[in-house]
Amino acid sequence: AFFEIDLERQRNDIEVVRNYASDELICRLDPEQLQQVILNLLQNATQAMPEGGALGIRVFAEGEHIVFCISDTGVGMDDEVRNKLFTPFFTTKEDGTGLGLVISKKIIEAHSGQIRVDSEPGKGTRFYVNLPQ
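Below you will find a few notes about this structure. Given the structure is predicted, the values throughout are model-derived calculations rather than measurements.

To continue, consider the layout of surface pockets. One number sums up the size of the largest pocket: a volume of about 630 Å³. Forming the walls of the largest pocket are 28 residues, and the residues nearest its centre are Asn44, Gln47, Thr92, Lys93 and Leu101. Those elements giving two or more residues to the lining of the largest pocket turn out to be α2 (31-47), β3 (65-72), α4 (100-110) and β5 (124-132). It is α2 that provides the largest number of residues to the lining of the largest pocket, a total of 6 residues.

Time to look at the packing of aromatic side chains. This structure, assessed with the given rule, holds 0 aromatic pairs. The cationic tip of Arg58 hangs over the ring face of Phe60; the distance from NZ or CZ to the ring centre is 4.0 Å. The side chain of Arg116 reaches across the aromatic face of Tyr128, ending 4.1 Å from its centre.

Where α2 meets α4, the axes come as close as 9 Å, and the angle between the chain directions of the two elements is 145°. In this structure, α2 meets α4 at a crossing whose hand is left-handed. In contact with Gln33, Leu34, Gln36, Val37, Asn40, Leu41 and Asn44 of α2, α4 contributes Gly100, Leu101, Ile103, Ser104, Ile107 and Ile108. Residue composition of the contact of α2 with α4, by class: 7 nonpolar, 6 polar and no charged.

Excluding glycine, most residues fall at negative phi; most peptide bonds, likewise, are trans. The residue Ser112 is not glycine, and still its phi comes out positive at about 60°. Turning to its location among the elements, Ser112 is positioned in the loop between α4 and β4 (114-120).

Here the focus is the side chain of His111. Within the secondary structure layout, His111 lies in the loop between α4 and β4. For His111, a relative accessible area of 16% translates into the label buried. A distance of 3.0 Å separates the side chain of His111 from the backbone nitrogen of Asp30, its partner in a polar contact. Those residues within four positions of His111 in sequence are excluded, and the remaining contacts are Arg28, Leu29, Asp30, Gln33, Leu131 and Pro132.

This part is about the pattern of salt bridges. This model, assessed by the stated rule, comprises 5 salt bridges. Between Lys105 and Glu109 there is a salt bridge, and its shortest N-O distance comes to 3.9 Å. Of this pair, Lys105 and Glu109 both sit in helix α4, separated by 4 residues, roughly a single helical turn. Overall, Glu109 belongs to the partly exposed group, its relative accessible area being 46%. Residues Lys123 and Glu120 are paired through a salt bridge, measuring 3.9 Å at the closest nitrogen-oxygen approach. Residue classification places Glu120 among the partly exposed positions, given a relative accessible area of 42%.

Reading the values: the criteria
Residues numbered from 1 in each chain as written. Predicted model: local features only at pLDDT ≥ 70, side-chain atom pairs only at ≥ 80, totals over all residues. Heavy atoms only, no water. 1 Å grid on protein atoms, 1.4 Å probe; cavity = no way out; pocket = protein on both sides within 12 Å on 5 of 7 lines; lining within 4 Å. Points joined across faces, edges and corners; volume = space filled by probe spheres on them. Helix = DSSP H or I, 4+ residues; strand = E, 2+ residues; numbered from the N terminus. Phe/Tyr/Trp six-rings, centres within 6.5 Å; stacked < 30°, edge-to-face > 60°. Lys NZ or Arg CZ within 6 Å of the ring centre and 35° of its normal. Axes fitted to C-alpha atoms, helices over the stretch in contact; angles between N-to-C directions. Left-handed = near helix turned anticlockwise from the far one by under 90°. Contact = heavy atoms within 4.5 Å. Nonpolar A, V, L, I, M, F, W, Y, C, P; charged D, E, K, R; others polar. Buried < 20%, exposed > 50% of the residue type's maximum accessible area, 1.4 Å probe, protein only. Polar contact = N/O pair within 3.5 Å; in protein donor to acceptor, adjacent residues only side chain to side chain. Salt bridge = Lys/Arg side-chain N within 4 Å of Asp/Glu carboxyl O.

Structural data, given as structure tokens:
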């Protein structure tokens, strides 16, 4: 249910593309903590698209895992930034704390999951959250 956030109302220059698995996917987790992770990734994605773009929310099964993919067509990141993303207090935002992704990673790992990122400057970013079923 928390994927149904009305991002279009906040930013009408961003197209939200949702793609959810047709099968019911079940995993054991704290829904409030997962919501915190997803909201952080959604906020980061919208902030990475100051000129607008497409925000993707995809949920699917991959082997024994459920995967949440949050993607954007924003500014992207180079290797130097990508390698520091999960470092406490590292931020590229003027008003950022550098803790959102650090906390998100700890939450995912506490649920025996993993988080990874793919990004290319000028082409956007994809965060993948893998959680065991």
